[in-house]
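Inside the fold
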Amino acid sequence: MKVKDIILLIFGFAFFTLNSISFEIVFEDEDIYDTVLKYELTENKRSYKVVGITKSSTDDIVIPEIYDGLPVTEIDWNSMKRSTNKNIFIPKTISKIIYQFDPYEKDYSDKANTSIKKIEVDFSNPYYYSDDCNVIVEKKTHRLIITSPLSTIPSTTKIIGSYAFASNKLNGASEIKLPEGIRIIEPYAFYNCSYLKSLSIPDSVIKIGEGCFTSCDQLSRVDLNCDLISIEKETFYDCSALKNINIPSTVIEIKDSAFYSCESLSNIELPDSVEYIGNYVFGYSGLKEIVLPEKVKVINESLFYKCHELSNVRLSDSTRIIGKSAFGSCSSLTDLYLPEKIEYIYGGAFSWCEKLEKINIPSQTKEIGSEAFSGCKSLKSIDLPDSLTSIGNSAFSDCEKLKEITIPEGISKINTRTFQNCIQLERVYLPENITSIEASAFDSCEKLENIDLPNGITSIGNSAFSKCISLSSIIIPDSVTKIGARAFMDCVSLKEVVLSENLKSIENNVFCGCISLESILIPSKVEAIRREAFAECESLKVIKIQSETLSVYSDTFENIEKIIYYGSESKWNENVEFDDKKLLARVELIFTE
């Protein structure tokens, strides 16, 4: 290799190293620069960025204007996290400060703005200033971006930036003074300020960003003296000590989760200007009473979810919709008047309101969603309007005191688990246009003694009437072609059953455990009786079979003594097949022809 090539190779390696590695500088003047800083070349390769600090034995961290012949123009502020109880001095050459706050970081309390003692920006810096307030503010926008525990807010500040005070311990102070002139408080600006107890927002503020005071768990009082239009998403999320707050008369909307988990908030007055309240706004809060403004038409999803103290609610007359889980698990709510214009009550709207005794369904209501009243254990009666066209799955399940229900004409099917575990339900009135009763619809309705099934019904689902221990008789209309598995399982009082003439099979465990059933007639179109269909029917001694072609699976019958077949022995031998040959050998077989 030629000497020239070797020189070029060495030069190229040196250039590559210069552009790809971080540099450390140890300042020899121990009185000023006893600090190890890390540097990287900026993107344009014409200046340096401070990207780390490894150690310091003095109180002062002075960032130099020049390093290795190039200006220092940028700071990755997150690299300052080692600067506990230090004073940081920023030179006039700095034109860019990069600051990112990750609220999900394991130890966000170690961030720079929670530990630095003093911040000072060179007065001649054209991009930033500090005004002896221990902050960093952008000169062009007057946006405060970085603070320390000893910070005060300069009077020139117009914007408080995102996460500016995040996790700041405020040197133990319980209040921050916001000067007049501030226009905007950006999202999460005071996130997790755990020492902050009270705050007054000046009238110059026009916007407070989402999550602004999230997790300020000692914040108990907020005075909103400004003309806000919106309370943004999660603004006071998890402010568990918040007791007092006023909502300005200019507010039109309150967005999702704005007061979520405000456990100490027992009362709040909403101005007439409010038109929209989002999802989860007061979920898990300590509200005891609430009056909704007249312009609010929708009670959104989980709006009052698990407000365990809520007992007094007044909805506006313009309300049209009760959203999913809107009042779910409001365990102190005993009665509620629903305005007449309500058309939809969506899933879980009042689920597990265990003390709810009285509620009306308005005459214009079209839909009651899944689990809408599930777990309302104190609800004794409810009138369903003729306007109803749909009742969702489990809509009234676990309503333990509900005694009677009349299903309106607009309903065509009883959905899955609609009345499951309504243990006091005695009477059910079904309209003629019901076509199906779905799985577990009346499962464990222990007081239900009888029910008239309309002639138009075509199917009865799995476990539809299982464990209806008081049901004494049932007539399956001839329109029924299918009865699901376990449909009448463990109906221990069931003595009389009339099956549909158009039934094609008797499924597994349909009448299993019906210990009072004494006889059964198998209609002519039944082609199969499946496993354990009549297992544990201790009183069942006689079965009558009209089927022309029939397969009887094993373990179907246990205690029968007599089979009466409507036909001749030759027909029996040709068309009927029993898997259980031992059973067939011991019973009395009678032929009618």
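Residues numbered from 1 in each chain as written. Predicted model: local features only at pLDDT ≥ 70, side-chain atom pairs only at ≥ 80, totals over all residues. Heavy atoms only, no water.

A short note on the overall build of the chain
Note the threshold: The helix and strand labels rest on DSSP assignments: H or I over at least four residues marks a helix, E over at least two residues marks a strand, and numbering proceeds from the N terminus. Radius of gyration here uses only the C-alpha atoms, and the compact-globule reference equals 2.2 Å multiplied by the residue count raised to the power 0.38. With a 1.4 Å probe rolled over the protein chains alone, any residue whose accessible area is under 20% of its type maximum counts as buried; one over 50% counts as exposed, and the rest are partly exposed. Here, two residues are considered to be in contact whenever any of their heavy atoms come within 4.5 Å of each other.
A count of helical and extended segments in the chain gives 3 helices and 46 strands. A compact globule built from 593 residues would reach a C-alpha radius of gyration of about 25 Å, whereas the chain, at 38 Å, exceeds it by more than 25%. The C-alpha extent of the chain, read off along each of the three principal axes, is 120 × 80 × 30 Å. In the chain, which comprises 593 residues, the share counted as buried stands at 50%. Sequence-distant contacts, at least 24 apart, represent 31% of the contacts inside the chain between residues at least 6 apart.

Observations regarding the nonpolar core
Defined as follows: The definition of a nonpolar core used throughout is a set of buried Ala, Val, Leu, Ile, Met, Phe, Trp, Tyr and Cys residues joined through side-chain atoms within 4.5 Å.
One finds F259, F327 and F350 to be the most contacted residues of the largest nonpolar core, which totals 147 residues. Contributing elements (two or more residues each) for this core: β11 (135-138), β15 (198-201), β17 (221-224), β40 (519-522), β42 (542-545), β43 (550-552), β44 (562-565) and β45 (576-578). Beyond its immediate stretch of four places on either side in the chain, F327 contacts I299, F304, L310, V313, L315, I322, L333, L336, A349, F350, S351 and C353.

Focus on unusual backbone geometry
Trans peptide bonds make up most of the peptide bonds, and negative phi angles are found at most residues other than glycine. Even without glycine at this site, Y284 takes up a positive phi of about 60 degrees. Examined against the element boundaries, Y284 turns out to sit in the loop between β21 (276-277) and β22 (289-291).

With respect to the pattern of salt bridges
We count it as follows: One side-chain nitrogen of Lys or Arg within 4 Å of one carboxyl oxygen of Asp or Glu is enough to make a salt bridge.
Counted under the stated rule, the structure contains 13 salt bridges. Close ionic contact of R530 with E507 constitutes a salt bridge, the shortest N to O distance being 3.3 Å. In this pair, R530 sits in the loop between β41 (528-529) and β42 while E507 sits in the loop between β39 (505-506) and β40, placing the two residues 23 residues apart along the sequence. Here R530 falls in the partly exposed class, since its relative accessible area comes to 26%.

Concerning a positive patch on the surface
Quick note on the threshold: Only residues whose relative accessible area exceeds 30% and that form no salt bridge enter a patch; like-charged residues are grouped when within 9 Å of one another, and nonpolar side chains (Val, Leu, Ile, Met, Phe, Trp, Tyr) when within 5 Å. The accessible surface values rely on the Shrake-Rupley method and a 1.4 Å probe; as for residues, cover is taken only from the protein chains in view. Under the counting rule used here, the positive set is Lys and Arg, the negative set is Asp and Glu, and His together with the chain ends is not counted. Charge positions come from single atoms, namely NZ of Lys, CZ of Arg, CG of Asp or CD of Glu.
A surface patch of positive charge is lined by K380, K401, K403 and K447. Tracing the sequence through the fold places K447 in the loop between β34 (436-437) and β35 (459-460).

Observations regarding the pairing of strand β9 (residues 118-121)
In plain terms, the rule: Here, strands pair whenever DSSP counts at least two bridges between them.
Taking every second residue as pointing to the same face, the buried face of β9 carries I119 and V121, while none of K118 and E120 on the other face is buried. Inspection of the sheet shows strand β7 (residues 87-90) paired to β9 by 4 bridges, in the parallel sense. Within β9, the residue paired with F89 across the bridge is E120.

Considering the sheet that holds strand β18 (residues 230-231)
Sheets are built from strands that pair by backbone hydrogen bonding, the pairs being arranged parallel or antiparallel. The parallel open sheet is built from 3 strands, whose spatial order is β18-β20-β21. At either margin of the open sheet sits one strand with a lone partner, and together these are β18 and β21. As paired strands, strand β20 (residues 253-254) and β21 are joined by 2 bridges and run parallel to one another. Counterpart to I254 in the pairing with β21 is I277.

A short note on the packing of aromatic side chains
As a reminder of what qualifies: For this analysis, a ring pair means two rings from Phe, Tyr or Trp (six-membered ring only for Trp) whose centres lie within 6.5 Å, classed as stacked if their planes differ by under 30 degrees, edge-to-face if by over 60, and tilted for the remaining angles.
In total, this model carries 32 aromatic pairs according to the counting rule given. Each ring, one from Y163 and one from Y191, has its centre 6.1 Å from the other, and the planes form 70 degrees; the classification is edge-to-face. Here the residue Y163 occupies a position in the loop between β13 (159-160) and β14 (184-185), and Y191 occupies one in the loop between β14 and β15, the gap between them amounting to 28 residues. By relative accessible area, Y163 is classed as buried at 16%. A relative accessible area of 11% places Y191 in the buried class.

Concerning the layout of surface pockets
Inclusion rule: Only protein atoms enter the 1 Å grid used here. Points where a 1.4 Å probe fits but cannot escape make up a cavity, open sets with protein on both sides within 12 Å along at least five of seven lines make up a pocket, and a residue lines them when an atom lies within 4 Å of a point. Grid points are joined across faces, edges and corners, and a volume is the space filled by probe spheres set on the points. Ten residue types, Ala, Val, Leu, Ile, Met, Phe, Trp, Tyr, Cys and Pro, are classed as nonpolar, four, Asp, Glu, Lys and Arg, as charged, and the remainder, Gly among them, as polar.
There is about 160 Å³ of room inside the largest pocket. Taken together, the elements giving at least two residues each to the lining of the largest pocket come down to β9 and β10 (128-129). Here the residues of the lining of the largest pocket sort into 4 nonpolar, 1 polar and 5 charged.

Some thoughts on the sheet that holds β44
Inclusion rule: What counts as an axis is a line fitted to C-alpha atoms, over the stretch in contact for a helix, and the angles between N-to-C directions run from 0 to 180 degrees.
With respect to topology, 4 strands assemble into an open sheet ordered β40-β42-β44-β46, the strand pairing being parallel. What marks the edges here is a single partner per strand, and that holds for β40 and β46 (588-591). Within the sheet, the average angular offset between the axes of one strand and its neighbour, ignoring direction, is 15 degrees. With 4 bridges connecting them, β42 and β44 associate as parallel partners. The residue bridging K544 from the neighbouring strand is I564, located in β44.

With respect to the confidence of the model for the chain
This is how the line gets drawn: The predictor reports its confidence for every residue as pLDDT, a score running from 0 up to 100.
For the chain, mean pLDDT is 90; residues scoring 70 or higher make up 90% of the total. A low-confidence stretch, residues 6-34 stays under pLDDT 50, and its non-local contacts, those more than four residues away or across chains, total 41 contacts.

Comments concerning a nonpolar patch on the surface
Residues I469, V492 and I515 make up a contiguous nonpolar surface patch of roughly 180 Å² in combined accessible area. With respect to the secondary-structure elements, I515 resides in the loop between β39 and β40.

Some remarks on the environment of K355
The topology assignment puts K355 in the loop between β27 (344-345) and β28 (358-359). You can call K355 partly exposed: its relative accessible area is 47%. Along the sequence, K355 and S332 sit 23 residues apart, while their C-alpha atoms lie 6.0 Å from each other.

So, the side chain of S257
Mapped onto the elements of the fold, S257 is located in the loop between β20 and β21. With residues near it in sequence (within four places) discarded, S257 still touches E234, Y237, N279, Y280 and V281.

A short note on the state of the cysteines
Worth spelling out the cut-off: Cysteine sulfur pairs qualify as disulfides if the two atoms are within 2.5 Å.
Overall, the coordinates contain 0 disulfides when judged by the stated rule. Free cysteine: C330, not disulfide-bonded; nearest cysteine sulfur from C353 at 5.1 Å. C491 provides the cysteine sulfur closest to C514, a residue in no disulfide bond, and the two sulfurs are 5.1 Å apart.

Remarks on the environment of I136
Tracing the backbone shows I136 in strand β11. Counting along the chain gives 205 residues from I136 to K341, while the straight-line C-alpha distance between them is 54 Å. With residues near it in sequence (within four places) discarded, I136 still touches W77, I90, I97, I119, V121, Y128, Y129, R143, L144, I145 and I146.

Re the side chain of N300
So the rule is basically this: Two N or O atoms count as a polar contact when they lie within 3.5 Å, although within protein this holds only if one can serve as hydrogen donor and the other as acceptor, and sequence-adjacent residues are included solely when both atoms are side-chain atoms.
Note that N300 resides in the loop between β23 (298-299) and β24 (312-314). We classify N300 as buried; its relative accessible area is 14%. Among the polar contacts made by the side chain of N300, one reaches the main-chain carbonyl oxygen of I277 at a distance of 2.8 Å. The residues touching N300, leaving out its near neighbours within four places in the chain, are Y276, I277, G278, N279, G323, K324 and A326.

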